[in-house]
Each structure stands twice: as C-alpha cells, then as structure tokens.
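Below are the chains, spelled out letter by letter.
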Amino acid sequence: MKKRYFFLCLLAAVLMLGACQLETSGNGKLDGYWRLERIDTLGGGVNRMEGQRMFWAFQSRLLQTSDLNGRVQACLLRFRKEKDSLLLSDPYLYNRESGDEPITQLARLAPFGLNSLDERFKVERLGGEKMVLANKKYRLYFTRF
C-alpha cells in the first residue's frame, strides 16, 4: 500500500512539473537592476552620479528607467541586445493610472544618459557586477544592484 501511495505521489509531481514551461529572456547577464554610477562625455567631461539614485531595470524585452529621488518620471523603453550592441526604442512615460504616454521630447530621457529617442549603445563591458555602455556622445557606467 505504501509503495502504491508513493508511486501515485511521484507520478502526480512529475505530471505537475511537466505542465510547467520555463521561459528565459535570452538576455543573459543584462537582466536585472543596474545603478547608473557615472556618465562620461567623449569630449572629456564627467558627471559622477553621487547622491543620485538613477536605475535601469532590464527584463524580457522591456527597460524601465527610474529616479528613486523622484526628480525625473520613470520611463519604459523596448530594447534589443545584439552581440555587442544594445538598441533602445519606443520610449514611454511610465504612468499606469492614466496610461503610458509616448515620449516625444528628448529632455525627458537625458537625465538617464540617453540622447536620442532611438538609441544604440555599444556594450563595452558586461560582466560581474559592472556594465559599461557607449554611444557617439556618452559612456555610461553601471553597477549591478
């Protein structure tokens, strides 16, 4: 009797696990929460983000930028990672109550180190707890949070 009960429990567990599907985003080390630590201009200027709590959060195909100090409204962007490139597009202001609104003014994205509504970054470093992204104007330094 005990063997039969054990077998039925094992069969039920296998059937339940077999019904589940694991989804992976394919983003590898990019997924997660990243703190923007520094923005360097390629002309030599440096903006150390001390005291500012600017974050980028990657999940699936969506990037959320947020300012935990509350000075800048959060944004949502679509992203695509291709080899050593990160492509950002379709920016929206994050507003779940009134509906997300498409961004048409670049000034809303500038505090996060973005200088275009459709942005392309070269991924210079993505490993351990550090990430470095560069475009034609800026180099952004992040630490995994």
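Refer to the structure printed above.
Now for a look at the structure at hand.

## Re the overall build of the chain
Thought 1: Within the chain, the regular secondary structure consists of 1 helix and 10 strands.
Thought 2: Reading the secondary structure of the chain in the N-to-C direction produces α-β-β-β-β-β-β-β-β-β-β.
Thought 3: Burial analysis of the chain (145 residues in total) assigns 31% to the buried set.
Thought 4: The long-range fraction of contacts in the chain, counting pairs at least 24 apart against all pairs at least 6 apart in sequence, stands at 45%.
Thought 5: Accessible surface for the chain amounts to roughly 9,800 Å². Of this, 53% is attributable to carbon and sulfur atoms.

## What to know about the pairing of strand β4 (residues 62–67)
Thought 1: Where strand β3 (residues 54–59) meets β4, 6 bridges bridge the pair, whose relative direction is antiparallel. Looking across to β4, one finds that Trp56 is bridged to Thr65.
Thought 2: Where β3 folds back onto β4 in an antiparallel hairpin, the turn is made up of 2 residues, including Ser60, whose phi is positive at roughly 55 degrees.
Thought 3: Relative to strand β5 (residues 75–82), β4 runs antiparallel, the two sharing 4 bridges. The residue of β5 that forms the bridge with Leu62 is Arg78.

## Structural notes on the nonpolar core
Thought 1: If you look at the biggest cluster of nonpolar residues, it comprises 26 residues, and the most contacted ones within it are Trp56, Phe58, Leu86 and Leu88.
Thought 2: Secondary-structure elements contributing two or more residues to this core are β1 (32–41), β3, β5, β6 (85–93), β8 (119–127), β9 (130–134) and β10 (138–144).
Thought 3: The contact partners of Phe58, leaving out residues within four places of it in the chain, are Leu30, Asp31, Gly32, Trp34, Leu63, Phe79, Leu86 and Met131.

## Topic: the packing of aromatic side chains
Two aromatic rings, taken as a pair, are described by how far apart their centres are and by the angle between their planes.
Thought 1: Inspection of every chain in the model, using the stated rule, returns 7 aromatic pairs.
Thought 2: Aromatic pair Tyr33 and Phe55: ring centres 4.8 Å apart, planes at 10 degrees, arrangement stacked. In this pair, Tyr33 sits in strand β1 while Phe55 sits in strand β3, placing the two residues 22 residues apart along the sequence.
Thought 3: Judged by relative accessible area, Tyr33 falls into the partly exposed class, the value being 29%.
Thought 4: Ring geometry for Phe58 and Phe79: centres 5.0 Å apart, planes at 85 degrees, overall edge-to-face.

## So, the environment of Gly32
Thought 1: Along the chain, Gly32 falls in strand β1.
Thought 2: For the pair Gly32 and Gln59, spaced 27 residues apart in the sequence, the C-alpha separation amounts to 6.5 Å.
Thought 3: When sequence neighbours within four positions are dropped, the list of residues in contact with Gly32 reads Trp56, Ala57, Phe58 and Arg144.

## Looking at the side chain of Asn135
Thought 1: The residue Asn135 is located in the loop between β9 and β10 in this model.
Thought 2: Reaching out from Asn135, the side chain makes a polar contact with the side chain of Asn115 at a distance of 3.4 Å.
Thought 3: Here Tyr138 takes part through its backbone nitrogen, which lies 2.6 Å from a polar atom of the side chain of Asn135.
Thought 4: In this structure Asn135 touches Leu42, Asn115, Glu119, Arg120 and Phe121, once residues within four positions along its chain are discounted.

Here is what the cut-offs are and how they apply
Per-chain numbering applies: the sequence of each chain, read as written, is numbered from 1 onward. Totals for whole chains, interfaces and linings use every residue, but because this is a predicted model, local features are given only for residues with pLDDT of at least 70 and side-chain atom pairs only at 80 or more, for both listing and counting. Note that the side-chain values use all heavy atoms of the structure and ignore hydrogens as well as water. Under the scheme used here, helices are H or I runs from DSSP no shorter than 4 residues and strands are E runs no shorter than 2 residues, and both carry numbers assigned from the N terminus. Remark: exposure states derive from per-residue accessible area (1.4 Å probe, protein chains only) relative to the maximum for the residue type, with buried under 20%, exposed over 50%, and partly exposed in between. Residues are treated as being in contact if the distance between any of their heavy atoms lies within 4.5 Å. Surface accessibility follows the Shrake-Rupley procedure with a 1.4 Å probe radius. Residue values consider only the protein chains on display as shielding. One bridge is not enough; two strands pair if DSSP finds at least two bridges between them. The definition of a nonpolar core used throughout is a set of buried Ala, Val, Leu, Ile, Met, Phe, Trp, Tyr and Cys residues joined through side-chain atoms within 4.5 Å. Stacked, tilted and edge-to-face pairs are distinguished by plane angle, under 30 degrees for stacked and over 60 for edge-to-face with tilted covering the rest, among Phe, Tyr and Trp rings (Trp via its six-membered ring) whose centres lie within 6.5 Å. Each polar contact in these results corresponds to two N or O atoms within 3.5 Å; when the atoms are within protein, one needs to be able to donate a hydrogen and the other to accept it, and residues that are neighboring in sequence are counted only if both atoms are side-chain atoms.

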